[in-house]
Amino acid sequence: LRFLGHIGPAETTSKASDQPRPAFTPLSGQDKTIPIRGYTRIMMKTMTQANTIPHFGYNDEVVVNRLIDLRAQLKKLASEKGTKMSYMPLFIKAASLALTQYPVLNASLDSSLENITYKSAHNICVAMDTPGGLVVPNIKHCEQRNLWEIALELNRLQEAGKRQQLDRNDLADGTFTLSNIGAIGGTYASPVIFPPQVAIGALGKIEVHPRYDNHMQIYPAHIVKVSWAADHRVIDGATMARFSNLWKEYLENPALMIAEMR
Ligand code: CAO
């Protein structure tokens, strides 16, 4: 467990949807101006920069019936491993495996727009809703971590985010981002790239919908919708679609994902 020396035992966790942000005190007839600080200040800077990126959007739906079975098994074992197992570690690992085959999505563009750097590490950022606002820490070297290691690190970041005590290092050097807005609700989103990264994916809430199987029989499909955005200066739509297809294949057939893990 090369990366896990700093991780303590599992702490109490709760759902993002259970934790409404603290509201401002209702205004009482007077305007109030407050400085933009903390996580919101970082969001303002990065999103202003992101606004210069031509975004290409691509959406799809993923049937996660088998993934749900796998997650249920892992969830039962999670407390023994000192963590919790949500769907995020599975989404993250599938992304890392797919990035191995489509490294242009795990890259960064320099400010002069002359060079693209293919990053060797899959430092996958996770957008987090915290009492201090949106923050985007990353899990370093997802390509080298197993599902438990990703889950442990995600837990640590989530707990540190809630306390607004993320380290500078947790926020630095991310290479690709996933945003699980479905933890709060919704289906599709229009995620905004976190520069200098070149791609981001947003996940909706897992819902049951009727779908046809190969024999044209209707069955209850558990579906998660995904919305990708890529920097169209360096990534074309076909590459984005092929990456998404592979990520989807891993999640729809988790045995394939497990077979490809090192
Ligand atoms: N569909 C269905 N269930 C979901 C789900 C989804 N998309 N996402 C989470 N859940 C369920 C989990 O399975 C888990 O269930 P159990 O209690 O049975 O284990 C529970 O909700 C826990 O969710 P969680 O939110 O604590 O954990 P997570 O790992 O799924 O997500 C995090 C972690 C940090 C991504 C999430 O808490 C969060 O902050 N999401 C919001 C991201 C956001 O704001 N994005 C917008 C960015 S742009 O402004």
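It should be noted that the structure appears before, not after, this text.
Residues numbered from 1 in each chain as written. Predicted model: local features only at pLDDT ≥ 70, side-chain atom pairs only at ≥ 80, totals over all residues. Heavy atoms only, no water.

Student: Any chance you could break down the pattern of salt bridges for me, citing the residues and the numbers?
Tutor: Per the counting criterion, the structure on display carries 6 salt bridges. For Glu153, the salt bridge goes to Arg156, with nearest N and O atoms at 2.9 Å. Placement of the pair is Glu153 and Arg156 together in helix α4 (residues 147–162), with a separation of 3 residues, close to one helical turn. The two residues Glu153 and Arg156 agree in class, both being buried. Linking Asp170 and Arg156 is a salt bridge whose minimum nitrogen-to-oxygen distance equals 2.8 Å. Of this pair, Asp170 sits in helix α5 (residues 168–171) while Arg156 sits in helix α4; the two residues are 14 residues apart in sequence, bridging distant segments of the chain. When its relative accessible area of 17% is taken as the criterion, Arg156 is described as buried. Connected through shared salt-bridge partners, Glu153, Arg156 and Asp170 make up one network. (Salt bridge = Lys/Arg side-chain N within 4 Å of Asp/Glu carboxyl O. Helix = DSSP H or I, 4+ residues; strand = E, 2+ residues; numbered from the N terminus. Buried < 20%, exposed > 50% of the residue type's maximum accessible area, 1.4 Å probe, protein only.)

Student: With reference to specific residues and values, describe the side chain of Ser96.
Tutor: The residue Ser96 is located in helix α3 (residues 88–101) in this model. In contact with Ser96, other than residues within four places in its own chain, are His122, Ile124, Cys142 and Glu143. (Contact = heavy atoms within 4.5 Å.)

Student: Give me the lowdown on helix α1 (residues 38–50), citing residues and values where you can.
Tutor: Along its 13 residues, α1 runs 19 Å from first to last C-alpha, staying within 8% of the 18 Å computed at 1.5 Å per residue. Taken together, the buried positions of α1 are occupied by Tyr39, Thr46 and Ala50. Take α1 and look down its axis: the buried residues cluster within an arc of 50°, on one side only. Among the exposed residues of α1, those pointing more than 90 degrees away from its buried face are Lys45 and Thr48. On the buried face of α1, the contacting elements are β1 (55–63), β5 (128–130), β6 (133–135) and α4. (Expected span 1.5 Å × (residues − 1). Arc of directions from axis to C-beta.)

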